[in-house]
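Topology and contacts: notes
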Amino acid sequence: MWRLPGRVALRGVRPVVQRCGRAGAATDEAARAMERAVVRCVPSEPKLSLSFALADGSHKNMQRDQSEPLGRALSRIATNALKGHAKAAAAKKHRKDRARSGGGAACAAAGPEAAAAGEPVVKLYYREEAVADDVLNVDAWQDGAVLQIGDVKYKVERNPPAFTELQLPRYIMAGFPVCPKLSVEFGDAASSVFRWYKEVRPGASEPGHGGLTAAAASHSLPPSSWTDTGVGERVYTPCNADVGLRLKLHCTPGNGQRFGPSRELESVSPVEAGPGTCTFDHRHLYTKKVTEDSFIRTVSYNILADTYAQTEFSRTVLYPYCAPYALELDYRQNLIQKELAGYNADILCLQEVDRAVFTDSLVPALDAFGLAGVFRIKQHEGLATFYRKSKFSLLSQHDISFQEALESDPLHKELLEKLALNPLAQEKVLQRSSVLQISVLQSTKDSSKKICVANTHLYWHPKGGYIRLIQMAIALVHIRHVSCDLYPGIPVIFCGDFNSTPSTGMYHFVINGSITEDHEDWASNGEEERCSMSLTHLFKLKSACGEPAYTNYVGGFHGCLDYIFIDLNALEVEQVIPLPSHEEVTTHQALPSVSHPSDHIALVCDLKWK
């Protein structure tokens with residue numbers, strides 16, 4: 001009998017793992033024929049879980065204390081197995097009786113026969129030795145052990161890769177990438193295997209039906225028949241031929257060494273027709289490929305938070321021209337994912353990102369296209385910065401809240417003292433929840449190359465000019481601290497929705513490096529709140545995409561509010577991806593629309609290291 005003298009004795013044992021690819025060929029025939037018993041055992045949790053199928057086909061999921069002796073767990077399994085055996089015996093007896101009497105006899109005798117069978121023998125073996133009953137569960141259930149219940153053997157798999165979450169989007173449209181939302185425990189999406197299937201259209205023949213006519217083939221198929229799409233990637237883009245058909249995803253979680261239990265997922269609704277030409281389709285012609293290492297394709301985009309799009313005010317006042325379904329998040333996410341994926345960006349700065357959208361939609365979708373991201377919450381929504389993993393690694397983050405930084409960081413002491421001269425203005429500034437996200441990225445090809453990527457969304461109110469000036473002053477001081485004090489000399493890319501047109505004081509301050517105390521924006525909300533002061537900064541910044549006629553186009557307003565400011569000492573513009581034409585933007589009157597997911601337009605440019 002195998003007995004564990006102590007935990008240390010097991011640490012040198014190499015677990016039996018199933019290798020990727022054709023690993024099954026290296027596994028002996030007996031092991032491959034075994035059922036599977038999956039054990040989940042995490043040190044930080046008091047219980048382990050055990051999952052296996054019984055003789056009657058039922059699936060058992062058990063929770064046992066890790067510190068419990070194995071004997072108790074096996075006794076409990078035996079009790080469950082006895083019930084399962086009784087059910088199986090009853091079903092068998094019922095079938096025999098029906099066969100004997102032509103279906104008229106009942107299975108009244110099933111109980112005694114099952115009882116006579118007795119409790120099945122339940123044992124756990126490791127390396128062909130029985131594990132002692134007094135060994136604790138945490139040590140007994142080793143990877144590669146064999147659980148025997150009666151004459152059925154189960155191969156124990158301890159902590160195999162497993163999906164803890166798996167979900168397909170509600171809206172699936174032809175021409176738009178479908179990316180499952182998933183979480184993998186003890187594994188990762190990159191090492192997992194995916195296969196997509198689609199329904200066989202009624203009346204259509206399926207490969208493998210030989211010379212059957214279409215009608216005969218469809219008649220011979222079960223109600224839910226599926227055919228392989230040939231796509232073995234995490235992301236599947238349905239075509240027009242898929243419209244009206246549901247999709248099925250078969251996926252197996254992996255970790256680079258072995259695979260876990262497979263799962264299948266069917267779409268709730270069939271593939272729908274897309275909206276036709278979208279505002280970004282023509283732009284994608286310029287961004288078909290990822291840029292070379294010497295370039296940095298940068299995107300800044302306010303994607304319109306769901307928390308704002310779904311208000312009654314938005315539907316009836318801001319965007320009354322937009323079809324209600326086109327404001328729904330499930331619909332807009334299709335457009336956002338396709339648009340962002342098609343830019344093949346190296347750096348992607350997003351504003352108005354709902355936390356759930358970041359976690360459930362953007363992270364999985366953009367990860368599938370090679371991007372990783374970080375998030376900073378503001379209040380109801382926040383900022384997200386994504387970067388191409390093959391080009392950059394995240395070195396550090398230096399996010400701030402403008403209000404908190406102004407009040408508590410010595411860097412802004414002088415600015416706070418100036419602002420305190422007008423308590424009313426100071427109060428208004430400190431009420432704002434705006435934040436600044438700063439990510440320092442390092443080149444994966446040349447570790448000496450680092451870049452400071454800043455992302456923000458300034459206060460929105462039309463009369464908040466002086467508040468935006470203060471917020472920008474805080475931002476530039478903080479960016480300078482990161483790019484000069486913490487990482488001396490690294491270049492800066494500063495993206496965002498600045499809610500300021502080129503004629504405003506904020507824009508003038510950024511581009512010219514200073515603003516005088518008599519600028520009209522200091523009294524943007526009237527003389528009562530005037531907080532005149534002169535400001536300067538030492539950066540040499542330029543708007544990489546120039547000054548477009550507009551980056552925001554709604555029914556009652558259009559103007560340029562978004563910018564990608566770049567450090568002219570270290571970066572230069574290689575090309576600016578053209579914005580959609582005015583005709584494209586106004587096809588459905590204004591933005592958002594069925595062909596554009598936001599009220600803003602993404603800025604896209606290719607930058608080059610000097």
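Here the structure is shown first, and the text comes after it.
Throughout what follows, the structure given in this document is the object of discussion. Just so it is clear, the model here is predicted, and its values are computed rather than measured. (Residues numbered from 1 in each chain as written. Predicted model: local features only at pLDDT ≥ 70, side-chain atom pairs only at ≥ 80, totals over all residues. Heavy atoms only, no water.)

With respect to the sheet that holds strand S13 (residues 263-266)
With respect to topology, 4 strands assemble into an open sheet ordered S11-S10-S12-S13, the strand pairing being antiparallel. Whereas interior strands pair on both sides, the edge strands pair on one side only; in this sheet they are strand S11 (226-228) and S13. Averaged over neighbouring strand pairs, the angle between their axes works out to 35 degrees when direction is ignored. When strand S10 (residues 188-199) meets strand S12 (residues 247-254), the two strands line up antiparallel, connected through 7 bridges. In the sheet register, Arg195 faces S12, and the bridge partner there is His250. (Pairing = 2+ DSSP bridges. Helix = DSSP H or I, 4+ residues; strand = E, 2+ residues; numbered from the N terminus. Axes fitted to C-alpha atoms, helices over the stretch in contact; angles between N-to-C directions.)

Quick notes on the layout of surface pockets
Considering only enclosed or pocket space, the largest pocket measures out at about 1100 Å³ in volume. Residue lining of the largest pocket: 39 residues in total, with Glu352, His457, Trp460, Pro462 and Asn499 positioned closest to the centre. At the level of elements, helix H7 (312-318), helix H13 (465-486) and strand S26 (552-554) are the ones that each hand at least two residues to the lining of the largest pocket. With 4 residues, H7 is the largest single contributor of residues to the lining of the largest pocket. (1 Å grid on protein atoms, 1.4 Å probe; cavity = no way out; pocket = protein on both sides within 12 Å on 5 of 7 lines; lining within 4 Å. Points joined across faces, edges and corners; volume = space filled by probe spheres on them.)

As for the packing of helix H12 (residues 423-431) against H13
Following both chains from N to C, one finds H12 and H13 inclined at 65 degrees, their axes separated by 10 Å at the closest point. Our classification of the angle between H12 and H13 gives roughly perpendicular. H12 and H13 meet at a crossing whose hand is right-handed. On H13, the residues that touch Ala425, Lys428 and Val429 of H12 are Tyr466, Ile467 and Ile470. Partitioned by chemical class, the residues of the contact of H12 with H13 number 5 nonpolar, no polar and 1 charged. (Parallel < 35°, antiparallel > 145°, perpendicular 65-115°, else oblique. Left-handed = near helix turned anticlockwise from the far one by under 90°. Contact = heavy atoms within 4.5 Å. Nonpolar A, V, L, I, M, F, W, Y, C, P; charged D, E, K, R; others polar.)

A few points about unusual backbone geometry
For the peptide bond that leads from Leu591 to Pro592, omega is -5 degrees, which places it in the cis range. Along the polypeptide, Pro592 turns up in the loop between helix H15 (582-585) and strand S30 (603-609). Non-glycine residue Leu304 carries a positive phi angle of around 65 degrees. As for its position among the elements, Leu304 is in the loop between strand S14 (295-302) and helix H6 (306-309). Look at Leu304 and you get buried, because its relative accessible area is 4%. One non-glycine residue, Asn344, adopts positive backbone phi at about 50 degrees. Position of Asn344 among the secondary structure elements: in the loop between helix H8 (329-342) and strand S15 (347-353). Of the residues examined, Asn344 reaches a relative accessible area of 16% and is grouped as buried. (Buried < 20%, exposed > 50% of the residue type's maximum accessible area, 1.4 Å probe, protein only.)

Describing the packing of aromatic side chains
If you walk through the whole model with that rule in mind, you get 16 aromatic pairs. Ring centres of Trp196 and Tyr236 lie 5.6 Å apart, and the angle between their planes is 25 degrees; on these two criteria the pair is classed as stacked. With Trp196 in strand S10 and Tyr236 in the loop between S11 and S12, this pair connects stretches of sequence that are 40 residues apart. Trp196 sits in the buried class, given a relative accessible area of 0%. A ring pair is formed by Tyr507 and Phe565, whose centres lie 6.1 Å apart and whose planes are at 45 degrees; its orientation type is tilted. Of the two residues, Tyr507 sits in helix H14 (residues 505-512) while Phe565 sits in strand S28 (residues 562-567), which places them 58 residues apart along the sequence. Site record: aromatic cluster; members linked through ring pairs are Phe494, Phe498, Tyr507, Tyr563 and Phe565. Taking the ring centre of Tyr197 as reference, the NZ or CZ of Lys248 above it sits at 5.7 Å. The cationic tip of Lys338 hangs over the ring face of Phe176; the distance from NZ or CZ to the ring centre is 4.5 Å. (Phe/Tyr/Trp six-rings, centres within 6.5 Å; stacked < 30°, edge-to-face > 60°. Lys NZ or Arg CZ within 6 Å of the ring centre and 35° of its normal.)

Describing H8
Structural remark: α-helix, 3.6 residues per turn; residues separated by three or four positions point the same way. Here H8 spans 20 Å end to end across 14 residues, near enough to the 20 Å set by a 1.5 Å rise per residue. Extensive coverage of H8 is indicated by the burial of 11 of its 14 residues. Residues of H8 that are buried include every one of Tyr331, Arg332, Gln333, Asn334, Leu335, Ile336, Gln337, Glu339, Leu340, Ala341 and Gly342, and no others. Summarising the contacts, the buried residues of H8 are in contact with S14, H6, S15 and helix H9 (355-367). Backbone geometry just downstream of H8 places Asn344 in the positive-phi region, at approximately 50 degrees. (Expected span 1.5 Å × (residues − 1).)

Observations regarding the nonpolar core
Within the largest apolar cluster, 45 residues are counted, with the highest numbers of intra-cluster contacts made by Leu436, Ile470, Met472, Ile479, Phe494 and Trp522. Excluding anything up to four places from it in sequence, Trp522 contacts Tyr466, Leu469, Ile470, Ile515, Thr516, Glu517, Glu529, Arg530, Cys531, Ser532, Met533 and Leu535. (Core = buried A, V, L, I, M, F, W, Y, C linked by side-chain atoms within 4.5 Å.)

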